Amino acid sequence: MIGNKIRDCYVTAVRELYKQEISPEIIGFEKTKRDIDGDFTVVVFPLIRYSRKSPEVTATELGDWLTDKLPEILKFHVIKGFLNLTMTEEFWLEFLAKEAFSNEFGRSRKPDAAPIVLEYSSPNTNKPLHLGHIRNNLLGYSLSLILEANGYDVRKVNLVNDRGIHICKSLFAYMKWGGGETPESSGMKGDHLVGKYYVLFEKEYKKEICELMTTGMTEEEAAKSADLITEAQEILRQWEAKDPDIIRLWRTMNGWTYEGFTATYDRLGVEFDKVYYESDTYLFGKELVYEGLENRLLERKADGSIWVRFPDEGLDEKLLLRADGTSVYMTQDLGTAEQRYEEYSPLKMIYVVGNEQVYHFDVLKRALRILGKPSAETIYHLSYGMVELPEGKMKSREGTVVDADDLMEEMYRTAEETTRSLGKVDDFPEEEANVLFDTIGMGALKYFILKVDPKKNMLFDPKESIDFNGNTGPFIQYTYARIQSLLRKAADAGSAIPDPRYPKPCHCEERSDAATETSSLVPRPSSLVLQEREIIKLLYQYPSIVEQAGEELSPALIANYIYELVKEYNQFYQEVPVLREEDRGIVIFRLVLSAFAGDVIRKGMGLLGIRVPERM
RNA sequence: GGUCCAGUAGCUCAGGGGAUAGAGCAACAGCCUUCUAAGCUGUGGGUCGUAGGUUCGAUUCCUACCUGGAUCACCA
């Protein structure tokens, strides 16, 4: 990256011109704004205290120095404290020749062998997935791709919450009211069937609480003493005691759910390297707790329950094991964290979990520290914001959720409808058309979710269906398809461009090679038009965007970058002739540029888990 | 009440110690005999929640306050 080179050069410049030492970080280096002449801009305001001269003079002196020392810089001009540098065309053309069609563009390697464990999805098996889970899954999967592009060894992990009181609720409701219903007999998708009983339980439970309250109980008392909840709790105890009937039914119902989940995951296009089940891991957490108790790190209360205390941290205390010996959420999370740490010796363990659980993860980290476990320091909670509806938060219990399967189906149908009404698939075979509808529908959904900063809450209005125009997935996909169409047309017309799908043999070490490619691809240097130059500058940024997205764990950075690139490309496409251009050298050059842009669009969208169509 | 997160155009969102704060949607006006109009161009729309502070410079950093959300469970 030329930025670092220029920064370093600045340090030397300041040393030689002003006899001062500065660190490179204080130098602001950015892409020049579009309406100002130049490629890169350095803000020199921070340097005037070293130069002891006016911003303009400082910028001019530094500009002279840099232009003299760095052959890549053609010229510069100064506006107030902004030093705008213009690179030589040679610089840009060499970049293009070297990186266009390189499969490694935007990918880097890390020598560090320790893996990153990335947990996401982590569903409960008592209900189907909803829009909140979609955000989780899309974020998690995209992050795994981004981290891999940054050279990390990523292990995608799913921890299924398949035990606990909430599971027992649907289990119990099914025992009570199910009447032997199955996915086959009801025609319902397995996870939806199980979810039906969870909702039923909550409904009946709420009813019972209301009845009890009419007898003078407080809501809290009623919630505790209702028959339904005590019976569900009894089921949990029987489960932990491995009662064969309970276990059998639990297996059956979870099986239904997994079938449903698998279908949803497939359609979402996410996957995992390993799936953990809380029912397998929770016992390990219990062991940790008992071990901690023995070592006098934890406390047992009179009723037998076990707690962790946080002395001066303002967090009070937290239950780790109930009086009856059954475990809670925290118990098993302690266990899985430690287990995972031993299994992978990871660099980092990232948990993609909603921001409603920041407190939980704070406690988890501190509890592990108190237990003296080094895994504590590798834990990072990537807390993302909720998806809100116009009426507010989604609640499974109250049925105010946007179901994942329904939403995906709706996206597909909308994509089909829109595409057909535009007459885009009139000449498509049925099969290809169906794939396209899926590509577009899912592209719209994924982009809609991933373009917003993960940590922020976002709004989804079901009444206004997700757009296909403007800053959307389909818009980007469309631009890609248009580029491919252009390349096909060129090939048909016999234009001898290097085929982007067959990367050239790369002997990148040898500079002479790059130079010959440059001369074979590129027209006379003076012919770069504004739109071309803007695209090249954006392409040049791509690797650093990927890097930044990896550091900040934010797919949104990629999404917004691609959008910028696509907008720029569309301007180029609209205003600058490619195939209609007379000069053959320029035609080839513009085709190469287009293919490169298409490549980066495909790569970037790939990092979001979004496919891109050859035609649409 | 404590803690955390957020408040930028009518709506959904970018941006971020520096140049006139950007997109999309919605509204209006143009551009298809020419590389795909799911596109491009233009117009209107902002005291960047409020008040202080730090700074050559604050929408960006700090503090207080206001508003919204989350959380402080023997739910997960």
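Residues numbered from 1 in each chain as written. Chains lettered and ligands numbered in written order. Predicted model: local features only at pLDDT ≥ 70, side-chain atom pairs only at ≥ 80, totals over all residues. Heavy atoms only, no water.

Undergrad: Whenever I open this one, the packing of aromatic side chains confuses me. Can you help?
TA: How two aromatic rings sit relative to each other is set out by the distance from centre to centre and by the angle between their planes. All told, the structure shown has 29 aromatic pairs when counted by the stated rule. Look at F45 and F82: their rings are 5.8 Å apart centre to centre, the planes differ by 80 degrees, and that puts the pair in the edge-to-face class. Residue F45 is found in the loop between β2 (40-43) and α2 (48-51), and its partner F82 is found in strand β4 (residues 82-87); the two are separated by 37 residues along the sequence. Its relative accessible area of 37% is what places F45 among the partly exposed residues. The partly exposed category is assigned to F82, whose relative accessible area is 31%. (Phe/Tyr/Trp six-rings, centres within 6.5 Å; stacked < 30°, edge-to-face > 60°. Helix = DSSP H or I, 4+ residues; strand = E, 2+ residues; numbered from the N terminus. Buried < 20%, exposed > 50% of the residue type's maximum accessible area, 1.4 Å probe, protein only.)

Undergrad: What am I meant to see in the domain arrangement of chain A here?
TA: The assigned domain composition of chain A is domain 1 (2-87), domain 2 (164-272) and domain 3 (404-607). With centres defined by C-alpha atoms, the gap from domain 1 to domain 2 works out at 65 Å. (Domains from an automatic or database assignment.)

Undergrad: So what exactly am I meant to see when it comes to the layout of surface pockets here?
TA: The rolling of a water-molecule-sized probe over the atoms marks out the regions of remaining empty space. Taken as a whole, the largest pocket spans an internal volume of roughly 1400 Å³. Along the wall of the largest pocket there are 50 residues; nearest its centre are N124, K127, H133, E356 and Q357. Top element by residues in the lining of the largest pocket is strand β11 (residues 348-354). It accounts for 4 residues. Partitioning the lining of the largest pocket into residue classes produces 20 nonpolar, 17 polar and 13 charged. (1 Å grid on protein atoms, 1.4 Å probe; cavity = no way out; pocket = protein on both sides within 12 Å on 5 of 7 lines; lining within 4 Å. Points joined across faces, edges and corners; volume = space filled by probe spheres on them. Nonpolar A, V, L, I, M, F, W, Y, C, P; charged D, E, K, R; others polar.)

Undergrad: Explain the pairing of β2 here, please?
TA: Looking along a regular strand, one sees the side chains alternate between the two faces of the sheet. Neither face of β2 is exposed, since F40 and V42 on one face and T41 and V43 on the opposite face are all buried. Pairing of strand β1 (residues 28-31) with β2, which is carried by 4 bridges, proceeds in the antiparallel orientation. Residue pairing for β2: K31 is matched across the bridge by F40. Where β2 lies against β4, 4 bridges are found, and the strand directions are antiparallel. Within β4, the position partnered with T41 by the bridge is N84. (Pairing = 2+ DSSP bridges.)

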